[in-house]
Amino acid sequence: MGSTMRAMVVTEFGSPPVLTEVPRPTPKEDEILLRVRAAGVCHTDMKIRDGIVPDVDLPLVLGHEIAGEVAEIGAGVTTASVGNRGVPYGYVTCGNCRFCLEGRTSLCEQLVLRYGFGSIGGYSEYVVVPERFFVPIPDSVRFDQAAVATCSIVTPYHALIKRARLRLGETVVVVGAGGGVGLHAVQLAHRTGGDVIAVDVDATREGAAKAQGASSFVVPHEGRFADEVRELTHGRGADVVIDMVASTATMSDSIEALGLGGRLCLVGYQRGQLLTAVTPDVVFREIEIYGSHWATLTDTVEVIDMIDRGLIDPIVIREFPLHEAPAALELLAVGGGPGRSILTV
């Protein structure tokens, strides 16, 4: 095995990644060298590339949605062998803080590594994964499906099921329903047995949202959609709103769209956008507001199992070879299509 590998490297914020030969990592004790086979292309990748996400170092290799096969194992690895297929959990956490011990790994207080936020990411031929953060995937799950699972499925799964505590038959509004995460949120909410109202500024996404189970599609005007949600629910309002956009306007209307005891779960984020609410309205209707930050290691294991059992269907719309990562990112910037694009490595 050679001492170098190919990777798409960002050397200046705002510039496209360039195909570069970089040192190939070597697995240390209790580590796995994963040969990347598929890497998802996510909106967060664009934010990282453009320097919008804080605490990101250059040079940068993007890619936090990763799937591949074990190429080499370090000393002490006992649960994986060369040739095994799997995905890395996107964070390497300390394992010792109160949140890690509670299983809330996305809130680790002493985070060691985030794939795709520095020099180690999936837009490359190999990544090193600590054994305890390697999640096997069965032969029934393709590499592209598994890569998609690690962000655009686990994120709405964590938000809907773990944070908003979605229950069977509830009415769910998905704001920003046309993107990769939003469409998977529509699918998950629909398969939980609820009525799903999809909200998106792009009217061309209606067909895709309804194909994933949305009963209604609303195009907001200047961020306003609550009145239509109220009308569609016969004045009752929604049980859950999951907001992938999180602008000042959408967050305000999300609260207005909720019924008594409704839950708002914020997944998206934008700098400078403020959440405003009329306090008595929140108090007397017992509105609950949650933030949802990505997902846990347990969520990743559960979602892979659900794909294996046919309970979730990853939405992959297009594949690009590794060297065409800039084109995949630009496609995403202009809309991207209703689902996830994948880099094949």
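An account of the accompanying structure is given in this report.

Criteria and cut-off values
Residues numbered from 1 in each chain as written. Predicted model: local features only at pLDDT ≥ 70, side-chain atom pairs only at ≥ 80, totals over all residues. Heavy atoms only, no water. Helix = DSSP H or I, 4+ residues; strand = E, 2+ residues; numbered from the N terminus. Rg over C-alpha atoms; globule rule 2.2 N^0.38 Å. Lys, Arg positive; Asp, Glu negative; His and termini not counted. Charge placed at Lys NZ, Arg CZ, Asp CG, Glu CD. Core = buried A, V, L, I, M, F, W, Y, C linked by side-chain atoms within 4.5 Å. Buried < 20%, exposed > 50% of the residue type's maximum accessible area, 1.4 Å probe, protein only. Contact = heavy atoms within 4.5 Å. Pairing = 2+ DSSP bridges. Axes fitted to C-alpha atoms, helices over the stretch in contact; angles between N-to-C directions. Right-handed = clockwise from strand over helix to strand, strands pointing away.

Assigned secondary structure in the protein consists of 10 helices and 18 strands. Compactness check: the protein gives a C-alpha radius of gyration of 20 Å against a globular reference of 20 Å for 345 residues, within 12% of the reference. Reported as C-alpha extents along the three principal axes, the dimensions of the protein are approximately 65 × 40 × 35 Å. Looking at charge distribution, the protein has the averaged site of its 29 positive side-chain charges lying 2 Å from that of its 42 negative ones.

On to the nonpolar core. Ranked by internal contacts, the top residues of the largest apolar core, which has 93 residues, are Tyr123, Leu160, Val172, Val174, Ile242, Val303 and Leu343. When residues of this core are assigned to their parent elements, the largest contribution, 11 residues, is made by helix α3 (residues 143–163).

With respect to burial, helix α7 (residues 248–257) is a largely interior element, 7 of its 10 residues being buried. Those residues of α7 that are buried are in contact with β11 (171–175), α6 (226–232), β14 (238–243), β15 (258–266), α8 (279–284) and β16 (288–291).

This part is about the sheet that holds strand β13 (residues 216–218). Sheet architecture is open: 6 strands sit in the order β13-β12-β11-β14-β15-β16, paired in parallel fashion. At either end of the open sheet lies a strand with only one pairing partner, and these are β13 and β16. Taking each pair of neighbouring strands and ignoring which way they run, the sheet shows an average axis angle of 20 degrees. As paired strands, strand β12 (residues 195–199) and β13 are joined by 3 bridges and run parallel to one another. For Ile197, the partnering residue across the bridge sits in β13 and is Ser216. Strands in contact with α3 are β11, β14, β15 and β16; relative to β14, the strand with the most contacts, it is inclined by about 150 degrees. Its contacts with the sheet put α7 on β11, β14, β15 and β16, and the angle it makes with β15 is roughly 150 degrees.

With that settled, consider the pairing of strand β17 (residues 316–321). Where β17 lies against strand β18 (residues 340–344), 5 bridges are found, and the strand directions are parallel. Note on β18: the bridge partner recorded for Glu319 is Ile342. In this fold, the crossover linking β17 to β18 by way of helix α10 (residues 325–333) has right-handed handedness.

With that settled, consider the sheet that holds strand β4 (residues 60–61). With antiparallel pairing, the 3 strands of this open sheet are ordered in space as β2-β1-β4. Because the sheet does not close on itself, it has two edges, and the strands there are β2 (18–23) and β4. Taken together, the 2 bridges between strand β1 (residues 4–10) and β4 define a ladder with antiparallel strand orientation. Within β4, the residue paired with Val9 across the bridge is Val61.

Before going further, it helps to spend a moment on the environment of Thr93. Mapped onto the secondary structure, Thr93 falls in the loop between β7 (91–92) and α2 (98–101). Using a relative accessible area of 1% as the deciding quantity, one classes Thr93 as buried. In this structure, the C-alpha to C-alpha distance between Thr93 and Ser254, residues 161 residues apart in sequence, is 33 Å. Those residues in contact with Thr93, other than ones at most four positions away along the chain, are Cys100, Thr105, Cys108, Leu111, Val112, Arg132 and Phe133.

The next subject is unusual backbone geometry. In this structure, Pro59 follows Leu58 across a cis peptide bond, with omega equal to -5 degrees. Mapped onto the elements, Pro59 comes out in the loop between α1 (43–49) and β4. In the Ramachandran plot, His234 falls in the positive-phi region, its phi being about 55 degrees despite a non-glycine side chain. Take His234: it is sitting in the loop between α6 and β14. Located in the positive-phi region is Ala246, a residue other than glycine, with phi close to 60 degrees. Mapped onto the elements of the fold, Ala246 is located in the loop between β14 and α7.

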